[in-house]
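Listed here are the chains, written in short residue letters.
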Amino acid sequence: KDMPAAPPAQVPRSTLGMTHGRSAASRYHPPVMATPRLPVALTPILGRARELAETAGLLDQTRLLTITGAGGSGKTRLALELAHRVRDQYDAVAWVDLAPLTDPELIAQQMLTALGIRELPTQDVTQVVIDTVRDRATLFVLDNCEHVVDAAAVTAEEVLRSCPNTKIVATSRQPLGITGEQTWLVPPLSEEDAVQLFTERARAVAPNFQPTPVVAQICRRLDGIPLAIELAAARVKVLTVDQIAERLERAFDVLTAGSRTLPRHRTIHETIDWSYRLLSPAEQALLRRLGIFGGSFSLDAAEAICGEDVLTLLSALVDKSLVLFENDRYRLLDTVRQFAAEKLAQSGEEEALREQHARWFVNLTESLEPRIFAGASDAQAMAKLDEQIANIRAVFDRAGDPELVLRLVSALHWYWFARGHFHEARRRISAALERAPDADETLRARAIVAAGHAAVWQGDFTALRPMIDEAVSVLRTGRDAASAWMLLGTSFAFAENDPEGAQNAFARSEELARKNGRDIALSLTLYWSGLAAQLRGDLKTAREKFEEALAVGEATNNPPAIAHPLTVLGHLALRERKLDEALACFRRALEIFTTIDDRWGLTQVVEGIGLALLDTRDAETGTRLLAAASAAWLHMGASPGRHEESEREKDERIREALGSDRLRVVLASGAAMSYEQMVALAKERIEQTAAAPLIRVRALGPVEVKRGDATIDPGSQRELLLFLLCHPNGATKEQIGAAIWPDADPAKLRNNFHVSVHRLRKALGGNEWVIVEGDTYAVKPGIEFDAATFERDAQAALRARDAARLTRAIALYRGDFFANATTGEWHLELRERLRELYAKALSALAKATNDAEVWQKLVELDSLDEEAARNLMKTLIERGDAAGATRVYRRLVDALRRELDVEPEPETMAVAAKAKSKK
């Protein structure tokens, strides 16, 4: 590969001058170049397969590839491995280490030395480099360009312009900034590769080292920076990994290498300081001020807190790999942040910046508070707080103004609720109140409301009353009055077991909330009022409150205000033995909570699904989910209110279904599940249950009974089946007999009843399908019943005034209930009630959509419904079907004359005249 050996021509410098043109170059023979040698790495590169493939691909497409990244990110190691992998594609690959240079003018000399050529004293060095490689396929690797970046850019551009077969790979903390340059930022190591690197380097000093999960935490904290990971791993000789993790708050004490390391890479601190000293004074000032941020930050925040001309300086710091730009936000690597904070503390600017930082983030949080009232109702606001939470926590940790912290806990407590940070919420709020005993009374009262909420979430009801009395006295007439009264009611309901006091307080809370209209505050008040009613056993009132809360949530399209009422309605349905309704509620709530990542709601839904599975002959999965939910509550630091009787019943059912030995195993496996595994299992099971219900009964229209796709023929027992489905809480033998066999004597009734129950059980597939408790008979939960589903969905859709939901409910109505009944009258009242509900739903949908087909269904349902006929005529006229409108009018006239002996109203006649004129 070497050029033919020949002595270099000795041409005086005065003859060559300083020109680099072809005429000057042609006056002498280029020097002889030895085969350059690449450095050999002492250790194999770990991971980076994707990065090497990507950079090799970029090098195929460009002539200048600059690998950028922070100090210690592995730029040099990656460039070296890349050079070794592509060396066969070039006549020569020259490694040019610029780190030792202090004089930028010596860059070309370093390149010449890397080529194995000594400088010719009478010639321009850059020209010698050009003449040496002009006709050869050459790759230069210019390593560590950041401290001589301008000179490196000039030299690289000259060489590339003159040598068409030459390519350059540069490593630098900032781009060279010349035409045609392709920059590539070194990404952090993946967690898997970072742990492997830590393990390999640790075993170099402690051969028996075995990694633990703490190693992954260390690698994440060090942002996947190879140098930082290697330095931390070297400490396992004297520290455990737990001790290393604890000390990373003072990272520079840990990340120090031995004295034999090259000086510039001896410690991370020295590496970062090297970059810091290369900055302009203005860039240095901004970098140290950025140390005030506790996590990532926006440009707006940086400009508001750190001073003027931030964008220009910030761009420069990004270019120099000291600040990272990701997804429209900026951040410092943790080691760089600690370095910047250290410099900030030395500058005398820290106190003023802390105050600016605190006020900016408190104002931001307060501006977002209305959008997250009662939970994760606004996904964008929640995402904004997720982005800022590290900075918000920094305000708690170091803000000097106690009232500022009170404002922050008041504004943030619903975020804590939605994200399941209950331990943190209670701790932060309690500390804030202790620090500000003499704060503004309104500000303190609002913080007490937050403290009351946190106490409710943790089930610490005894702590409620003392706090709430103070808050109510201050807020009873202000904007937070409803919240204060709601908490007062909660304190009565939970802490003092005073149902009357709770009812009065919740009634006051509802009154105050209703003054502001049907908004989220009313939904929240109704929700807690319903819970209190449920705890005192008043299920009728509880259902009314929950259903109205749901209607308000749907009317306002507020996800938490929809999903939380759905969840408690699901639990209530389970207590009422309405499994299909419970599963429908849980399925919909699970979908919403998963979307908004509401951990309280998700855990409560998982509990409900677990309980429901106990009723679908899957007690083992149900118990596993219940155990996982209990562990999740414990981990989050939350404790929802419990109905003691229901809890005892649940425990008894689980023990009976599993037995003591199996129960211990299932409980342990459930408690060991991760949160994500718990939610995934709940979703899988409820989807399976919804996709394949055990038994479906359709009674709107001709009766049909199916198990999966197979039709069941219950024969004459269909009436008993429908009666039991219409009485989910059960009925006595006498009640059943009076409805189905009203004329039977006691002996015949007893015989009919037992024979029918036996045959029904056989038809459904087992004795367990008709259960007996005392003298009450009921069908086992788990049967999908279209009449119950239609009634529930139609009522909910009417409350919400939701056309899509009305359409789905109406589709269930195939005809009158038990349309092919031949005996008995017990079903007639229900048939009429469902028919009226169907008419209401049709009317509401018709008015919402003005759909001719819906109006037509109304007319077919009641030929004397003149309003429906008139609206159908108007709709047909608008569609250009005047003849159809006339036919509708004629049928209406015939029906009115035949049934009522009256004529249509003048308004209807006017519409008919309009139709006639358009024919």
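Refer to the structure presented above.
All figures in this text were calculated on a predicted structure; none of them were measured in a lab.

Re the overall build of the protein
When helices and strands are tallied, the protein shows 44 helices and 14 strands. Every one of the 919 residues in the protein was classed for burial, and the buried ones make up 54%. A separation threshold of at least 6 residues defines the contact pool for the protein, and within that pool the share at least 24 residues apart is 68%. About 41,700 Å² of surface is accessible on the protein, with carbon and sulfur atoms providing 49% of the total.

Topic: the environment of Ala787
Here Ala787 shows up in helix α38 (residues 786-800). With residues up to four places along the chain from it excluded, the contact list for Ala787 reads Leu700, Phe817 and Leu834.

Some remarks on the packing of aromatic side chains
Evaluated as defined, the whole model comprises 28 aromatic pairs. Aromatic pair Phe417 and Trp600: ring centres 5.6 Å apart, planes at 40 degrees, arrangement tilted. Of the two residues, Phe417 is situated in helix α20 (residues 402-419) and Trp600 in helix α30 (residues 599-614); the sequence distance between them amounts to 183 residues. For Phe417, a relative accessible area of 6% translates into the label buried. A cation sits over an aromatic face here: Arg599 above Tyr675, 4.1 Å from the ring centre.

Notes on the sheet that holds strand β13 (residues 776-779)
Strand order in the open sheet made by the 3 strands is β11-β13-β12, with antiparallel pairing throughout. What marks the edges here is a single partner per strand, and that holds for β11 (731-732) and β12 (770-773). In the sheet, β11 pairs with β13 via 2 bridges, with the strands oriented antiparallel. Each residue of the ladder has a partner; that of Ala731, found in β13, is Tyr777. In this fold helix α35 (residues 718-725) packs onto β11, β12 and β13, with an angle of close to 100 degrees to the strand it touches most, β13. Its contacts with the sheet put helix α37 (residues 746-764) on β12 and β13, and the angle it makes with β12 is roughly 130 degrees.

Concerning the sheet that holds strand β3 (residues 138-143)
Spatially, 5 strands are ordered β2-β3-β4-β1-β5 in an open sheet, and the strand pairing comes out parallel. With one partner strand each, in any of the chains shown, β2 (92-97) and β5 (181-185) form the two edges of the open sheet. Recorded for the sheet is a direction-independent mean angle of 15 degrees between the axes of neighbouring strands. For strand β1 (residues 64-68) and strand β4 (residues 166-172), the ladder comprises 5 bridges, and the chain directions are parallel. Its bridge partner being in β4, Thr68 is matched across the sheet by Ser172.

Parameters and conventions
- Residues numbered from 1 in each chain as written.
- Predicted model: local features only at pLDDT ≥ 70, side-chain atom pairs only at ≥ 80, totals over all residues.
- Heavy atoms only, no water.
- Helix = DSSP H or I, 4+ residues; strand = E, 2+ residues; numbered from the N terminus.
- Buried < 20%, exposed > 50% of the residue type's maximum accessible area, 1.4 Å probe, protein only.
- Contact = heavy atoms within 4.5 Å.
- Areas by Shrake-Rupley, 256 points an atom, 1.4 Å probe, with all protein chains shown as cover.
- Phe/Tyr/Trp six-rings, centres within 6.5 Å; stacked < 30°, edge-to-face > 60°.
- Lys NZ or Arg CZ within 6 Å of the ring centre and 35° of its normal.
- Pairing = 2+ DSSP bridges.
- Axes fitted to C-alpha atoms, helices over the stretch in contact; angles between N-to-C directions.

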